[in-house]
Amino acid sequence: MTISLPEPDPVIVTTTRLSIVALLAAAEEMEFAAVRDAVGLSDSALSKQASALEAAGYVGIRKGYVGKRPRTWLRLTATGRKAFQAHIAALNAIVAQAGASIVDPFSPPPRAG
Amino acid sequence: MASQNLSPEEAAAALSEVAERRRQVAELSEPLQRGHLAIVIALCVLFFARMDLPQRPGSTALGYLLAILLPVVAWVISRRRRVSPHPSLYGRRGWLVLGGVAVAIFVLGSIAGELIHSWGIPLPYTLTGVVLGLLCGAGGLLLNRWLRRIMVNRTRNATP
């Protein structure tokens, strides 16, 4: 009998998009420049990825000002968080099915001693 | 059998990437902004100082206005942050520490206020506000450092 694994999310399966979504999942909100610097993308490359994620309903984009300077903030939507959690579960299922240890990015390290 | 899209090795690498990004956010975050602390200090002083003013109908209204202003200003400052950590990064210990420090500041501020008042010092409530504000400021800076350490430790070395 074949057991079908949950499928990784095709929207965030690429390394770049997963990196962006993983950053936003650990934050309430992040400034565009902070995401760009953290992931190592150019403004245009990040803008393109953010637009695609926004179109998928995973990311919300807010524009505002700090002083007189325009700024943009990115955040993961409720849909995006759900999709991200499902994607993590799928990744863990793949790893577990292969008999390897599960990588849980949300668990604190085990205490020593 | 691997998923159609990802091999186990690719899945493991993706999970490690996620853990690394989470750690990165913890290190970039400033849980309590300095702007927040400055506003809290200023509002503490104003909130208590109005009680040294001669009793007038407007002084109670001023107190309520300041009580509303504090969370509004804090919210506005939050919206300008470069990185706002998700509350899940703090963990239970982080939230307990936050609550404990808030209670400690309130208790110490109340004791200070009672002492100043009992000594007959002029402008007792203004001084209470200053003491409470300074406690908030100093406590806030220490708390910031502590919370950041909690976040980084929680995210560092995710279980492989």
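For the structure, check the block above.
Quick caveat: nothing in here was measured; it's all calculated off a predicted structure.

Participant: Please clarify how a nonpolar patch on the surface should be interpreted in this entry.
Facilitator: All names here are of chain B. A surface patch of nonpolar side chains, amounting to about 770 Å² of accessible area, comprises Val-103, Phe-106, Val-107, Ile-111, Leu-115, Trp-119, Ile-121 and Leu-127. Tallying contributions element by element places helix 4 (residues 91–118) first for the nonpolar patch, with five residues. Inspection of the secondary structure puts Ile-111 in helix 4. Residue Ile-111 is classed as partly exposed on the basis of its relative accessible area of 47%.

Participant: I tried to follow the environment of His-86 of chain B on my own but got confused; where do I start?
Facilitator: Note that His-86 of chain B resides in the loop between strand 1 (83–85) and helix 4. Each C-alpha atom of the pair His-86 of chain B and Pro-31 of chain B lies 9.6 Å from the other, and the pair is 55 residues apart in sequence. If we ignore the near neighbours within four places in the chain, the residues touching His-86 of chain B are Ala-25, Ala-26, Ala-27, Glu-28 and Arg-81 of chain A.

Participant: Help me out: how do you make sense of the pattern of salt bridges in this one?
Facilitator: It is possible for side chains bearing opposite charge to pair when their charged atoms get close. Residue and element names in this part refer to chain B. Evaluation of the coordinates by the stated rule reveals eight salt bridges over all chains. The partner of Glu-17 in a salt bridge is Arg-21, with the nearest N and O atoms 2.7 Å apart. One end of the pair is Glu-17 and the other is Arg-21, both in helix 1 (residues 8–28) and four residues apart, which spans about a single turn. Here Arg-23 ties to Glu-20 by a salt bridge, and the two come within 2.3 Å at their closest N and O atoms. Taken together, the residues Arg-23 and Glu-20, both in helix 1 and three residues apart, mark about one turn of the helix. Residue Arg-23 is classed as buried on the basis of its relative accessible area, which comes to 19%.

Participant: Looking at this structure, I do not really get the sheet that holds strand 2 (residues 59–66) of chain A. What am I missing?
Facilitator: Sheet strands line up and pair through hydrogen bonds in the backbone, either parallel or antiparallel. Spatially, four strands are ordered 2(A)-3(A)-1(A)-1(B) in an open sheet, and the strand pairing comes out antiparallel. In the strand order of this sheet, the two ends are held by strand 2 of chain A together with strand 1 of chain B, each with one partner. Averaged over all adjacent pairs, the angle separating strand axes in this sheet is 20 degrees, with direction ignored. Bridging between strand 1 (residues 27–31) of chain A and strand 3 (residues 69–76) of chain A involves two bridges; their strand directions are antiparallel. What sits directly across from Met-30 of chain A, in strand 3 of chain A, is Leu-74 of chain A.

Definitions and limits used
Residues numbered from 1 in each chain as written. Chains lettered and ligands numbered in written order. Predicted model: local features only at pLDDT ≥ 70, side-chain atom pairs only at ≥ 80, totals over all residues. Heavy atoms only, no water. Patch = residues over 30% accessible without salt bridge, like charges linked within 9 Å, V, L, I, M, F, W, Y side chains within 5 Å. Areas by Shrake-Rupley, 256 points an atom, 1.4 Å probe, with all protein chains shown as cover. Salt bridge = Lys/Arg side-chain N within 4 Å of Asp/Glu carboxyl O. Helix = DSSP H or I, 4+ residues; strand = E, 2+ residues; numbered from the N terminus. Buried < 20%, exposed > 50% of the residue type's maximum accessible area, 1.4 Å probe, protein only. Contact = heavy atoms within 4.5 Å. Pairing = 2+ DSSP bridges. Axes fitted to C-alpha atoms, helices over the stretch in contact; angles between N-to-C directions.

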